[in-house]
Protein chains: 2
Amino acid sequence: MPACRIPNIIGFQTMGEAWLMAITLDDVAKLAGVSRSAVSRTFTDGASVSSKMRRKVEKAASELGYSPNFLARSLTTRRTKLIGLVSDNFHNPLFLEVFDQFTRGLQDRGLRPLLVNLSVETDAESSARMLQQYSVDGVIVASSTLPPAFSKTFRDAGVPVVNSFGRYSSDPDMHIVGIDNIECGRMAAHELLNRGYKNIGFLGGPEPATSTQDRFTGFQNELQKHPEAVLSYSFSEAYSFDAGRKEMQRLLRGASHAEAYFCGDDVLSIGALSAIKEAGLNVPSDIGIIGLNDMQMSGWQNINLTTIRQPIAQIINASIELMVSMLEKPDRYPEARVFPCAVIERGTLRAPQEN
Amino acid sequence: MPACRIPNIIGFQTMGEAWLMAITLDDVAKLAGVSRSAVSRTFTDGASVSSKMRRKVEKAASELGYSPNFLARSLTTRRTKLIGLVSDNFHNPLFLEVFDQFTRGLQDRGLRPLLVNLSVETDAESSARMLQQYSVDGVIVASSTLPPAFSKTFRDAGVPVVNSFGRYSSDPDMHIVGIDNIECGRMAAHELLNRGYKNIGFLGGPEPATSTQDRFTGFQNELQKHPEAVLSYSFSEAYSFDAGRKEMQRLLRGASHAEAYFCGDDVLSIGALSAIKEAGLNVPSDIGIIGLNDMQMSGWQNINLTTIRQPIAQIINASIELMVSMLEKPDRYPEARVFPCAVIERGTLRAPQEN
DNA sequence: GAAGGTTTTGCAACCGGTTGCAAAAATGTT
DNA sequence: AACATTTTTGCAACCGGTTGCAAAACCTTC
């Protein structure tokens with residue numbers, strides 16, 4: 001029995017092995033000479049205990065180094081304070097910021113993120129079942145690419161769910177917080193037109209993703225108002241550097257490329273920028289690029305990407321807020337929270353033209 | 001009681017509210033007309049049940065959509081399959097890869113990562129207590145900057161812990177997996193000397209971090225063998241782009257800067273590269289840079305950083321492996337696993353000199 | 001078909017907590 | 001001091017599972 005294993009061994013022997021036993025409620029009750037309920041009550045807030053009792057119990061508890069077992073507690077309270085944090089964006093640098101803020105925000109509210117990495121093969125059903133088996137209080141689905149049906153799996157399993165970075169809908173059937181991708185597309189188009197670009201390209205993320213579709217729709221709509229503008233478009237395989245680079249290389253090999261591109265995402269944009277530079281062309285003099293997200297890296301001076309900022313801090317705060325309110329009121333009416341995006345001007349688009 | 005809330009409502013009424021009740025063992029037992037233990041046994045592998053019984057139970061279970069509650073189970077089995085994944089590196093892009101691989105690796109083994117974001121203010125004790133309250137089976141501390149004492153808090157609380165990306169020690173007092181930072185420092189110095197650089201700089205990460213210290217030690221040692229070489233050194237405030245950029249700006253403003261720098265980390269290197277470019281200097285013709293980590297971004301064509309690869313996949317696999325083996329044998333002898341690093345040649349150092 | 005061995009099953013206690021209820025103690029009122 | 005009221009406390013049942021043990025059921029074998 002190594003000495004380092006103090007403080008608390010109420011050791012018991014099995015197969016010649018000493019095990020570290022956790023201190024339980026009973027141990028404290030015994031030491032303090034009070035009932036189990038008394039101990040329980042001093043550790044659940046809102047319960048009635050006299051100050052004498054509380055002192056006695058707390059003394060015994062601290063002497064033994066006791067702290068209550070949350071999981072055992074959850075059995076009767078039906079609250080684990082565990083929140084499933086589900087995502088499939090483990091390759092987009094933006095999501096490190098997202099995870100950072102989610103974990104911090106949840107922790108600040110006494111909630112614990114159970115992280116689920118949804119790789120392609122893992123199916124919705126099994127993740128949902130697993131999260132149910134762990135009795136999570138709720139699930140936050142943080143992804144702009146997962147189909148809406150995914151979140152519904154959780155909802156149908158009776159678990160409060162908020163869909164973060166999901167598709168905006170005017171008639172949401174579950175909590176959803178994010179941006180209006182159609183509006184973003186429009187904004188990007190407007191920005192490009194405003195700077196006098198005529199031959200304009202849309203370099204989207206994965207075609208099936210709703211975020212890609214919506215951005216394209218908005219982009220198209222805006223361009224249609226300007227008959228002088230020429231639209232070309234294509235999609236990349238993923239929201240990744242390589243995909244963006246590859247697609248831009250393909251475009252540059254073609255007969256003629258656009259004067260400026262709206263890329264589906266910053267990391268895609270950075271890939272495209274790399275391809276442009278490799279081809280010996282300059283940004284913004286030869287080709288303009290506008291991205292979307294404004295991840296930290298985009299502001300780095302050697303990247304300096306003009307982009308549309310997605311207010312992730314607000315999205316995350318709102319998501320957590322909605323989750324917390326759902327925990328209190330599970331049948332809360334589904335709500336969509338949409339945050340406005342804004343163009344962040346840096347160095348990859350030419351200056352606005354006077355015309 | 002909304003229709004979407006099927007499949008399973010054994011509804012009960014409270015304050016006029018319908019609640020979704022989880023299906024329990026008892027429900028299944030009742031429906032199948034068998035004992036509770038029978039149901040329990042069909043769902044715990046290694047238990048003896050006749051095939052008849054199993055069929056009966058499984059039929060009833062699937063009819064009700066039952067799956068066992070892991071947390072209740074954990075009360076008697078003393079296994080939650082929850083693993084605390086603790087880190088303070090939520091700003092280094094490398095760690096997105098780290099989280100991706102950790103979560104996937106743990107999931108593949110049926111373990112669940114409970115993510116803990118250790119911001120500066122949160123203290124070790126309280127995180128340790130919290131993880132204990134959730135009865136995690138083990139804790140993986142993934143950080144190259146946290147002091148070793150931190151991991152010891154968990155160990156002293158009786159929780160199996162492996163320190164990933166931690167400081168190598170020839171006499172480890174807990175499981176530790178990572179690289180030999182002294183050797184890395186040496187390797188960097190050797191590489192720079194080999195390329196004929198004479199005036200050589202060490203641009204370290206945060207000075208107090210053991211990883212910084214060790215890299216510096218190795219770097220220094222190697223340089224001492226070459227009296228013709230001149231060493232200068234400084235430290236940045238953090239492993240971040242901004243810190244690297246700022247420090248390099250400071251160096252460039254100085255009377256004379258080194259011909260080549262070993263930066264404590266890739267993201268630091270990228271910041272330094274940015275500063276160099278902004279100053280109108282070229283890499284590698286004016287200044288050489290070698291980083292450490294080889295995160296994905298370093299291979300991007302527009303960054304193309306020569307660096308020392310830290311084999312994160314192997315480190316993570318080994319960490320998980322050690323954790324799994326500790327779960328089976330908690331008093332396993334502490335072990336240090338050290339993986340070799342290798343120089344990845346790209347475009348930020350000049351070619352080796354023949355001399 | 002009975003004896004003997006093996007497997008399957010159910011009972012009941014337990015894991016570490018919480019909580020409704022009634023008894024006990026403390027407090028207030030006259 | 002006697003009584004009514006409020007607060008505090010302990011008992012015992014419960015949350016949703018697991019498991020040691022003994023009884024029951026099933027196989028062999030003679």
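Residues numbered from 1 in each chain as written. Chains lettered and ligands numbered in written order. Predicted model: local features only at pLDDT ≥ 70, side-chain atom pairs only at ≥ 80, totals over all residues. Heavy atoms only, no water.

### Some remarks on the overall build of chain A
Then comes step 1: Of regular secondary structure, chain A possesses 12 helices and 14 strands.
Then comes step 2: Its C-alpha atoms give chain A a radius of gyration of 27 Å, clearly above 20 Å, the size a compact globule of 355 residues would have.
Then comes step 3: Counting all 355 residues of chain A, 52% fall into the buried class.
Then comes step 4: For chain A, restricting intrachain contacts to residue pairs at least 6 apart in sequence, the fraction spanning at least 24 positions comes to 70%.
Then comes step 5: Surface summary for chain A: the accessible area is close to 15,700 Å², and the carbon and sulfur share equals 50%.
Then comes step 6: Taking the average location of the 36 positive side-chain charges in chain A and that of its 39 negative ones, the two points are 9 Å from each other. (Helix = DSSP H or I, 4+ residues; strand = E, 2+ residues; numbered from the N terminus. Rg over C-alpha atoms; globule rule 2.2 N^0.38 Å. Buried < 20%, exposed > 50% of the residue type's maximum accessible area, 1.4 Å probe, protein only. Contact = heavy atoms within 4.5 Å. Areas by Shrake-Rupley, 256 points an atom, 1.4 Å probe, with all protein chains shown as cover. Lys, Arg positive; Asp, Glu negative; His and termini not counted. Charge placed at Lys NZ, Arg CZ, Asp CG, Glu CD.)

### Some words on the side chain of Thr306(A)
Residues and elements named next belong to chain A.
Then comes step 1: Relative to the assigned elements, Thr 306 resides in the loop between strand S11 (288-293) and strand S12 (307-309).
Then comes step 2: Taking relative accessible area as the criterion, Thr 306 reaches 0% and is therefore assigned buried.
Then comes step 3: Every residue in contact with Thr 306, bar those within four places of it in the chain, is listed here: Ile 289, Ile 290, Gly 291, Ile 344, Glu 345, Arg 346, Gly 347, Thr 348 and Leu 349.

### Describing the relation of the copies chain B and chain A
Two copies of a chain can be linked by a rotation about an axis combined with a shift along that same axis.
Then comes step 1: Each copy of the sequence occupies a distinct position, and chain B is placed on chain A by a rotation of 180° and an axial shift of 0.0 Å, giving an RMSD of 0.0 Å. Here the two chains are linked by the operation of a two-fold rotation axis. Taking C-alpha positions as reference, the residue of chain B nearest the rotation axis is Leu114(B), located at 2.4 Å.
Then comes step 2: Of all interface residues in chain B, 98% are interface residues in chain A too; the two copies therefore contact each other through one and the same surface. (Least-squares fit on C-alpha atoms with pLDDT ≥ 70 in both.)

### A few points about the packing of aromatic side chains
Then comes step 1: If you walk through the whole model with that rule in mind, you get 30 aromatic pairs over all chains.
Then comes step 2: Aromatic pair Phe70(A) and Tyr134(B): ring centres 5.0 Å apart, planes at 65°, arrangement edge-to-face. Separated into two different chains, Phe70(A) in helix H4 (residues 70-77) and Tyr134(B) in the loop between helix H6 (124-133) and strand S5 (138-142) make up a pair that spans both. With respect to class, Phe70(A) is no different from Tyr134(B); both count as buried.
Then comes step 3: Ring plane angle 75° and centroid distance 5.2 Å describe the contact between Phe150(A) and Phe154(A), whose orientation is recorded as edge-to-face. In this pair, Phe150(A) and Phe154(A) both sit in helix H7 (residues 148-156), four residues apart, roughly one turn of the helix. When sorted by exposure, Phe150(A) lands in the same class as Phe154(A), which is buried. (Phe/Tyr/Trp six-rings, centres within 6.5 Å; stacked < 30°, edge-to-face > 60°.)

### Considerations on the protein's contact with DNA strand C
Then comes step 1: Not every one of the 28 residues close to DNA strand C is listed here, only the nearest: Ser40(A), Arg73(A), Arg41(B), Ser50(B) and Arg78(B).
Then comes step 2: Counting only atoms of DNA strand C within 4 Å of the protein, the fraction found in sugar and phosphate groups is 61%.
Then comes step 3: Ser35(B) is positioned with one of its side-chain polar atoms (N or O) 2.9 Å from a phosphate oxygen of DNA strand C.
Then comes step 4: Among the secondary structure elements, those contributing two or more residues to the surface near DNA strand C are helix H2 (36-43) and H4 of chain A together with helix H2 (36-43) and helix H4 (70-77) of chain B.
Then comes step 5: Per element, the largest residue contribution to the surface near DNA strand C is five residues, and it comes from H4(A).
Then comes step 6: In terms of residue class, the surface near DNA strand C is made up of 11 nonpolar, 12 polar and five charged. (Near = heavy atom within 4 Å. Polar contact = N/O pair within 3.5 Å; in protein donor to acceptor, adjacent residues only side chain to side chain. Nonpolar A, V, L, I, M, F, W, Y, C, P; charged D, E, K, R; others polar.)

### Some points on the interface of chain B and chain A
Then comes step 1: Contact residues are listed per partner, giving 60 residues for chain B and 59 residues for chain A.
Then comes step 2: Together, the buried faces of chain B and chain A total about 5,500 Å²; carbon and sulfur atoms form 61% of this surface.
Then comes step 3: In terms of surface lost to chain A, no three residues of chain B exceed Leu96(B), Gln133(B) and Tyr134(B), which account for 13% of the buried area on that side.
Then comes step 4: Scanning the region where chain B abuts chain A turns up zero salt bridges.
Then comes step 5: Between chain B and chain A we count 18 residue pairs in polar contact (both at pLDDT 80 or more) in total.
Then comes step 6: The set of elements that each furnish at least two residues to the side of chain B that touches chain A consists of H4, helix H5 (94-108), strand S4 (112-117), H6, helix H7 (148-156), helix H10 (241-253) and helix H11 (266-278) of chain B.
Then comes step 7: For the side of chain B that touches chain A, the element with the most residues is H5(B), which contributes seven residues.
Then comes step 8: For the side of chain B that touches chain A, the residue count by class is 30 nonpolar, 16 polar and 14 charged. (Buried area = accessible area lost by both parts, 1.4 Å probe. Salt bridge = Lys/Arg side-chain N within 4 Å of Asp/Glu carboxyl O.)

### Here we look at the packing of H10(B) against H11(B)
Each packed pair of helices is defined by two parameters, the angle between the axes and the distance between the axes.
All names here are of chain B.
Then comes step 1: With their axes 7 Å apart at the nearest point, H10 and H11 run at an angle of 45° to one another. Between H10 and H11, the crossing angle belongs to the class labelled oblique. Crossing angle aside, the handedness with which H10 passes H11 is right-handed. Of the residues in H11, those in contact with Phe 241, Ala 243, Gly 244, Arg 245, Met 248, Gln 249 and Leu 252 of H10 are Val 267, Leu 268, Ile 270, Gly 271, Ala 272, Ser 274, Ala 275, Ile 276 and Glu 278. (Axes fitted to C-alpha atoms, helices over the stretch in contact; angles between N-to-C directions. Parallel < 35°, antiparallel > 145°, perpendicular 65-115°, else oblique. Left-handed = near helix turned anticlockwise from the far one by under 90°.)

### Some remarks on the state of the cysteines
Residue and element names in this part refer to chain A.
Then comes step 1: One pass over the full model with this rule turns up zero disulfides over all chains.
Then comes step 2: Cysteine Cys 341 is unpaired, with the sulfur of Cys 184 as its nearest cysteine sulfur at 3.4 Å.
Then comes step 3: Taking relative accessible area as the criterion, Cys 341 reaches 12% and is therefore assigned buried. (Disulfide = S-S within 2.5 Å.)

### Some thoughts on helix H12 (residues 312-328) of chain B
All names here are of chain B.
Then comes step 1: Taking 1.5 Å per residue, 17 residues should reach 24 Å; H12 reaches 24 Å between its end C-alpha atoms and fits that length.
Then comes step 2: Inspection of H12 places Ile 312, Ile 315, Ile 316, Ala 318, Ser 319, Ile 320, Leu 322, Met 323, Ser 325, Met 326 and Leu 327 among the buried residues, and these make up the whole buried set.
Then comes step 3: Against strand S3 (82-87), H5, S5, strand S6 (161-164), strand S7 (175-179) and strand S13 (336-339) lie the buried residues of H12. (Expected span 1.5 Å × (residues − 1).)

### Brief notes about the protein's contact with DNA strand D
Then comes step 1: Looking at DNA strand D, there are 27 residues lining it, with Arg41(A), Ser50(A), Arg78(A), Ser40(B) and Arg73(B) nearest.
Then comes step 2: A breakdown of the atoms of DNA strand D within 4 Å of the protein gives sugar and phosphate a share of 57%.
Then comes step 3: In the environment of DNA strand D, a phosphate oxygen lies 2.9 Å from a nitrogen or oxygen atom belonging to the side chain of Ser35(A).
Then comes step 4: A distance of 3.1 Å is found between a base nitrogen of DNA strand D and a side-chain nitrogen or oxygen belonging to Ser37(A).
Then comes step 5: Counting only elements with at least two residues in the surface near DNA strand D, the list comes to H2 and H4 of chain A together with H2 and H4 of chain B.
Then comes step 6: Of the residues belonging to the surface near DNA strand D, the class tally is 11 nonpolar, 11 polar and five charged.

### Here's the deal with the sheet that holds S11(A)
All names here are of chain A.
Then comes step 1: Judged by pairing direction, the sheet is mixed, and its six strands sit side by side in the order S9-S8-S10-S11-S12-S14 without closing on themselves. At either end of the open sheet lies a strand with only one pairing partner, and these are strand S9 (230-235) and strand S14 (342-344). Ignoring strand direction, the axes of neighbouring strands in this sheet form an average angle of 25°.
Then comes step 2: Direction of pairing for strand S8 (residues 199-204) relative to S9: parallel, over a ladder of six bridges. Within S9, the position partnered with Gly 201 by the bridge is Ser 232.
Then comes step 3: The sheet contacts of helix H10 (residues 241-253) involve S8, S9, strand S10 (260-263) and S11, and relative to S9 the element is tilted by about 135°.
Then comes step 4: Where helix H11 (residues 266-278) meets the sheet, it contacts S8, S10, S11 and S12, and its direction lies at approximately 160° from that of S11. (Pairing = 2+ DSSP bridges.)

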